[in-house]
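Coordinates in review
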Amino acid sequence: QVQLVESGGGLVQAGGSLRLSCAASGSTNSINAIGWYRQAPGKQRELVAFINSGGTTNYADSVKGRFTISRDNAKNTVYLLQMNSLKYEDTAVYLCHAFLRIGVDAWGQGTQVTVSS
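Residues numbered from 1 in each chain as written. Predicted model: local features only at pLDDT ≥ 70, side-chain atom pairs only at ≥ 80, totals over all residues. Heavy atoms only, no water.

What follows concerns the nonpolar core. Ranked by size, the top nonpolar core spans 31 residues in total, and within it W36, L81, M83 and Y94 carry the most contacts. Of all the secondary-structure elements, those providing two or more residues to this core are β1 (2–7), β3 (18–26), β4 (31–39), β5 (46–52), β7 (67–71), β8 (78–83), β9 (92–100) and β11 (111–116). Here this core gets five residues from one element, more than from any other, and that element is β9. Apart from residues no more than four positions distant in its own chain, M83 is found in contact with G16, S17, L18, L20, R66, F67, Y94 and V113. (Core = buried A, V, L, I, M, F, W, Y, C linked by side-chain atoms within 4.5 Å. Buried < 20%, exposed > 50% of the residue type's maximum accessible area, 1.4 Å probe, protein only. Helix = DSSP H or I, 4+ residues; strand = E, 2+ residues; numbered from the N terminus. Contact = heavy atoms within 4.5 Å.)

Structure representation (structure tokens):
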């Protein structure tokens, strides 16, 4: 099993930046990829950024050029989401998701990001 804990959310003005962290523990060698999702009230959960074990990344069109997903080089079980040029519409709960080679995929509890206009 893998456990995920997100941190780094908060309130920021439009145009500002936040960095989210997702700390993985447990059977982390079974992680094939990590995705950052977000869910805003009344909207479907959407995948905003993805990184696989080979370092390949992918982004939703709505965040391309503004968000960057990475793995902390010093702590290879911590995954980061750097969010720049934040917009009001980025307001959501952000959740970390682990795609596992074996076993049931894991979700974190989420962290709230609120962008004031």
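Summarising burial for β4: seven of the nine residues are buried, a large majority. As paired elements, β4 and β9 share eight bridges and run antiparallel to each other. The residue of β9 that forms the bridge with I34 is A98. With six bridges joining them, β4 and β5 adopt antiparallel strand pairing. Paired with R38 across the strands is E46, a residue of β5. (Pairing = 2+ DSSP bridges.)

Note that every value here comes from positions in space, so none of it alone points to a role or purpose.
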